[in-house]
Protein chains: 2
Amino acid sequence: MRRGIATVSLSGVLDDKLTAIAAAGFDGLEIFDNDLIASPLTPREVARRCAELGLTIDLFQPVRDVEGVPPEQFDPVLHRFRTKLAVMADLGATTVLCCSHVGADAVDDPDLSAAQLSLLGDLAADQGVTIAYEALAWGRHVNRVGQAWDVVRRADHPAVTLAVDTFHLLSRGDDGAALAGIPGDRIGFLQVADAPLLDMDVLEWSRHFRCFPGEGTLDVAGVVAATLATGYAGPVSLEVFSDVVRVADPAVTARDAMRSLVFLEDQLGRAGAPPPPAGIDPAFLELPGSPAVPPLLGSLGFAPAGRHRTKPVTWWRNGDAHVVVNDGTAADPAIGILTSSVSGVAERAKALLWPAVDRTRGSGEALLPGITSPSGLHVLVSDRAGEDDHWQGDFVEPAEPTGDLLGIDHLVVAVPSLRLNEEVSFLRTLLAMEPGAVEEFMEPQGRLRSRAFRSSRGSLRVILNVEESVQSPASGITQVAFATPDVRASVGALRAAGVPLMPVPDNYYTDLDARFGLPPEVLDDLRAHGLLYDRAGDGELLHAFTLPLGTGFHVELLERRGGYDGYGSAGTHVRLAMQRAG
Amino acid sequence: MRRGIATVSLSGVLDDKLTAIAAAGFDGLEIFDNDLIASPLTPREVARRCAELGLTIDLFQPVRDVEGVPPEQFDPVLHRFRTKLAVMADLGATTVLCCSHVGADAVDDPDLSAAQLSLLGDLAADQGVTIAYEALAWGRHVNRVGQAWDVVRRADHPAVTLAVDTFHLLSRGDDGAALAGIPGDRIGFLQVADAPLLDMDVLEWSRHFRCFPGEGTLDVAGVVAATLATGYAGPVSLEVFSDVVRVADPAVTARDAMRSLVFLEDQLGRAGAPPPPAGIDPAFLELPGSPAVPPLLGSLGFAPAGRHRTKPVTWWRNGDAHVVVNDGTAADPAIGILTSSVSGVAERAKALLWPAVDRTRGSGEALLPGITSPSGLHVLVSDRAGEDDHWQGDFVEPAEPTGDLLGIDHLVVAVPSLRLNEEVSFLRTLLAMEPGAVEEFMEPQGRLRSRAFRSSRGSLRVILNVEESVQSPASGITQVAFATPDVRASVGALRAAGVPLMPVPDNYYTDLDARFGLPPEVLDDLRAHGLLYDRAGDGELLHAFTLPLGTGFHVELLERRGGYDGYGSAGTHVRLAMQRAG
């Protein structure tokens, strides 16, 4: 698969972009006309620079509003197209993207559009250039890929082909099936972009929220597969613009972009990335040692369960929940995960251009093999029980387990807004976690965007939070939720041990009554234990939160009943208000 | 007019909000249920607190999804409504907002909705409560005000009235005419909000982009006038939520909100704000003195035209363009404006709760009466020629004018994103400037949102720019554009004087050729002078920019021909790239 990217996908001036694209290992690129127009480099200088960098110019784009033009206004279009062809000759580019007419005066007549594209095709062919015609999702009359193909078919000109763009196609509700029956040699170019599912005007959506494949929710792989199935053998080229890439370092974006293409190839079963882990479970939470930690763990019902054979690290345990306290080099809380194969994760990380998994345990530096996410979350990787790299194998003097916690239910991780796409990509591409819907909550001063991820075949759950707040935004692990079989007992024990619990306002229980019509004795019991409550179908969630503990994170204790699978979103605004006030 | 505001319009917790609302002088407020639910104050404590603060609770809101409910699911609705009525009894609130059903299972049957509202009306009436029923713009079946009125009419219940919300009404394309024939005593509440014109899903638009009247583009005054014309005599209450107010200081927001209601009353011809200035023209640019300034002004063809009789201030002049150089206390560039009456502006500022106009010239502290905008732009106010407060009256030793500049064409002012709404309000409400459309441009690293304002009956033009960029955002005056009768000559003089002009890439002229098909000799001439060009109808713009001058702003020289009225937006991306590179 030939890997390409459009210069519009990167920030900076043209010269910066070319350098970043080459450094990330792309084969070719699309020159965005505005990048050229604003550049002091002449087209010939750009061509020379690309050749030096080993990049081919696969596309010149876009030339707009060239068909469906009222006939008496077509001469200026011919002049414009000829002028751009001359630029392309200097660039050495042989494919030009023409996108469907967006103007209010566009004529709704596929035969007229076809005839005009055919005339432009004659000019292009004289110079060995091919037109790739794209249905913009917001084109005035032509805005579905099937309509663009109809125009190309009517034009019936060897130099007039179809451009496929995953964003434009999917955002209008089409999918790969829309390409059925189109011969591969009639598709002149393939552009790929993903996006989160947002209910907004498609032009605004496109301008501000596109992202690289694997970061959003569109079925990009399906459309690419359908395009390749036609026999299309040209570049697969990323065209992504968003508020995030506008301000990001172009070298970082280019690397992220390349990673998304490798992931896409992997999804298509085409390429060298080792398969994702078959399922990931949480193993333990690692905490940096501090005088506050042992008493806190004791209050939470944890007891020492072993000590590391070489390092100043203690394993604490409550039932199936594990915490290791690192009095050595750890600076921030980290998460330990169980996977089928540490080396598999390491190889996949390498293939996807993520940072190398640090496997320097032998040197005495690291507790376990580890990798750091784009936002700085440190993930320690352990094999499942029985393998050489199982984390418990490093601990001696094991004690009998006590306590009845069921394990780590989920972690909440705060991510800076500009790092969110990368963090999503990390969880999806490396760990094969599946994203849920984006939710948004009001904070007393600010707002919180939140998205839950689950290991597709394991029990690891991570919630990414982006805070837009006046307070200096938190980062890293901000909440750790332990699952308990009896939250009332767990909360009672915490309270008895003097851990400060988040108070719940009485008005909350009045509202619970309004919403669920709970029996008075149930409401009284929830109130007496300071529990939040949610219900979905037959499932119920009962949960409670600590106030800040001086550890940088809150602890949540939660009891899931009857298959409740969410996180209690309906009460989140109350929690945020009370935790901020606390 | 009774002035109200919803607690959801402010950030903070409920107690903060009540304090801020009272401090800004509101008569009453709407209690947003979620604010109450998350508050440790009981409803009776909230009622007591409001009474202490002199605020009445005019509305409890919202109760959602109470009509169009499948009949077998109506019992839980009755329970929910009864529970909220009990809360309202403790609050002492007698109007409740019920908004139209948004759920996928809502039944499309106005008679069912009317019957269900009527049942709720019975419960409400028992307690002396009135329901105000609102058509949410995204209601499943009822989303236009006319539909909501139809349901209220069918319910035919004294305790079931219509709620009017300017945002919901206008965002669906209705206007005040939709209220024709509705008796005023059948309207139970009036909520007001403005918004910029954005082409996006109305729910997203509502959640993130509402603003106070006078900051957006909706005809809020028209709907309020129509509502008052029905005989409605209840509160006019602001319900505004947006990304900006979520993070702003609630005290600042409350003041801004109150100001918007005063402006609204003013637009309705109801209240005490003195009329806006009849038209504002630019008088001069004030620059803080520095060794670089006199040579720069000389290079721009300015010559000393007078000195201040008491202060270390020099008046420079080129034709009808004036600059005063202040070697005294001025810290940043400021704009001087000519108005019909300085005292009128001062009185209007006072009535609209803007900062007091500083008229301490007599004390020797200020050059002229002045006022500082929310973003920090200092505006010096002068009477027109012949009045006591004309700025030139302070200058002695006037010299004969030289040069041929036509004046200050416009200023560009950089505004932090979170201050934009306030700055727009300042220009609109105090100076009666009219906003143009919002435009957005790519920067090499970031993006720029831009909006031009013009004095409705004068020649002052100000462009507000919001930069979202990795560079530390600029603030204050970033560009000063002088109008010239012959930009080629002006640019030639600048170049001869050694002022560094922004280079224009050759590719730009190729693109100009493509777009406009200009004769080669015209293109060559533009290229030779380094001019940017735009055309609209018969009008043409020729302009050039300096590189950064060490003054914090660029200078633009521009020649408008044939009534060209814009700012050359098509070339802005080129300018941004070249100025950043330079």
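Residues numbered from 1 in each chain as written. Chains lettered and ligands numbered in written order. Predicted model: local features only at pLDDT ≥ 70, side-chain atom pairs only at ≥ 80, totals over all residues. Heavy atoms only, no water.

S.K.: Explain the sheet that holds strand S4 (residues 95–99) of chain B to me, and be specific about the residues and the numbers.
M.R.: Residues and elements named next belong to chain B. As summarised here, the arrangement of the eight strands in space is S1-S2-S3-S4-S5-S6-S7-S8, forming a closed barrel in which the pairing is parallel. For this sheet the average axis-to-axis angle between neighbouring strands, irrespective of direction, equals 30°. Pairing of strand S1 (residues 2–6) with strand S8 (residues 235–238), which is carried by four bridges, proceeds in the parallel orientation. The residue of S8 that forms the bridge with Arg 3 is Val 236. (Pairing = 2+ DSSP bridges. Helix = DSSP H or I, 4+ residues; strand = E, 2+ residues; numbered from the N terminus. Axes fitted to C-alpha atoms, helices over the stretch in contact; angles between N-to-C directions.)

S.K.: So what's going on with the domain arrangement of chain A? Residues and values would help.
M.R.: Residue and element names in this part refer to chain A. Partitioning chain A into structural domains gives domain 1 (3–267), domain 2 (281–396) and domain 3 (407–581). Taking only C-alpha atoms into account, the centre of domain 2 sits 23 Å from that of domain 3. At the junction of the two partners, domain 2 supplies 29 residues and domain 3 supplies 29 residues. Carbon and sulfur atoms make up 79% of the surface buried where domain 2 meets domain 3, a total of about 2,500 Å² over both sides. Linking domain 2 with domain 3 are five residue pairs in polar contact (both at pLDDT 80 or more). Contributions of two or more residues to the side of domain 2 that touches domain 3 are made by strand S9 (281–288), helix H12 (293–299), strand S12 (321–326), strand S13 (334–339), helix H13 (342–351) and strand S14 (370–372). Counting residues per element, the side of domain 2 that touches domain 3 draws most heavily on S9, which supplies five residues. Classifying every residue of the side of domain 2 that touches domain 3 by side-chain character gives 21 nonpolar, five polar and three charged. (Domains from an automatic or database assignment. Contact = heavy atoms within 4.5 Å. Buried area = accessible area lost by both parts, 1.4 Å probe. Polar contact = N/O pair within 3.5 Å; in protein donor to acceptor, adjacent residues only side chain to side chain. Nonpolar A, V, L, I, M, F, W, Y, C, P; charged D, E, K, R; others polar.)

S.K.: How would you sum up the interface of chain A and chain B? Please name residues and give values.
M.R.: Counting residues at the interface gives 53 residues for chain A and 53 residues for chain B. Summed over both partners, the interface of chain A with chain B comes to about 4,100 Å²; 61% of that surface belongs to carbon and sulfur atoms. Joining chain A to chain B, the criterion identifies two salt bridges. A salt bridge links Lys 84 of chain A to Asp 511 of chain B; its shortest N-O distance comes to 2.6 Å. Seen at the junction of chain A and chain B, the total is 16 residue pairs in polar contact (both at pLDDT 80 or more). A per-element tally of the side of chain A that touches chain B places helix H16 (residues 506–516) of chain A first, with seven residues. Broken down by class, the residue content of the side of chain A that touches chain B amounts to 22 nonpolar, 15 polar and 16 charged. (Salt bridge = Lys/Arg side-chain N within 4 Å of Asp/Glu carboxyl O.)

S.K.: Lay out the nonpolar core in plain terms, naming residues and giving numbers.
M.R.: All names here are of chain B. Of all hydrophobic cores here, the largest spans 162 residues; its most connected members are Phe 26, Val 46, Phe 60, Phe 81 and Phe 482. Per-element accounting of this core gives the leading share, eight residues, to helix H4 (residues 74–91). Each residue touching Phe 81, except ones within four places of it in the same chain, is listed here: Val 63, Val 96, Cys 98, Leu 120, Leu 123, Ala 124 and Ile 131. (Core = buried A, V, L, I, M, F, W, Y, C linked by side-chain atoms within 4.5 Å. Buried < 20%, exposed > 50% of the residue type's maximum accessible area, 1.4 Å probe, protein only.)

S.K.: Report on the side chain of Asn 326 of chain B, specifying residues and quantitative values.
M.R.: All names here are of chain B. Here Asn 326 lies in strand S12 (residues 321–326). Assessed through its relative accessible area of 6%, Asn 326 is described here as buried. Within the structure, Asn 326 has its side chain in polar contact with the side chain of Glu 286 (distance 2.8 Å). Excluding residues within four positions of it along the chain, Asn 326 makes contact with Glu 286, Leu 287, Pro 288, Gly 289, Pro 312 and Val 313.

S.K.: Let's hear about the packing of aromatic side chains: which residues, and what values?
M.R.: Residue and element names in this part refer to chain B. In the structure shown here, the tally under the stated rule is 16 aromatic pairs over all chains. A ring pair is formed by Trp 315 and Trp 391, whose centres lie 5.2 Å apart and whose planes are at 70°; its orientation type is edge-to-face. Here Trp 391 lies in the loop between strand S15 (378–383) and strand S16 (395–396) and Trp 315 lies in strand S11 (residues 313–318), a separation of 76 residues in the sequence. Plain terms: the ring middles of Trp 315 and Phe 395 are 5.7 Å apart, the flat faces sit at 65° to each other, and that makes the pair edge-to-face. (Phe/Tyr/Trp six-rings, centres within 6.5 Å; stacked < 30°, edge-to-face > 60°.)

S.K.: I'd love a proper account of the UniProt feature "binding site: a divalent metal cation" (unreviewed entry) in chain A, names of residues and values included.
M.R.: Residues and elements named next belong to chain A. With numbering matched to this structure, UniProt assigns "binding site: a divalent metal cation" (unreviewed entry) to Glu 134, Asp 165, Gln 191 and Glu 239. Spanning 106 residues, the named residues form one tight spatial group whose C-alpha atoms are at most 13.1 Å apart. The residue Asp 165 is located in strand S6 (residues 160–165) in this model. A polar contact of 2.8 Å, which involves the side chain of Asp 165, links it to the backbone nitrogen of Phe 167. Using a relative accessible area of 1% as the deciding quantity, one classes Gln 191 as buried. Discounting residues that sit within four places of it in the chain, Gln 191 has contacts with Glu 30, Leu 59, Gln 61, Leu 97, Glu 134, Val 164, Asp 165, Thr 166, Ser 237 and Glu 239. Within the structure, Gln 191 has its side chain in polar contact with the side chain of Glu 30 (distance 2.7 Å). (UniProt positions renumbered as here; feature names shortened; annotations may be inferred.)

S.K.: I'd like a rundown of the pairing of S15 of chain B, residues and numbers included.
M.R.: All names here are of chain B. Most of S15 is tucked away: five of the six residues are buried. Sheet topology note: the strand S14 (residues 370–372)/S15 ladder contains three bridges and is antiparallel. Directly across from Thr 372, in S15, lies its bridge partner His 378.

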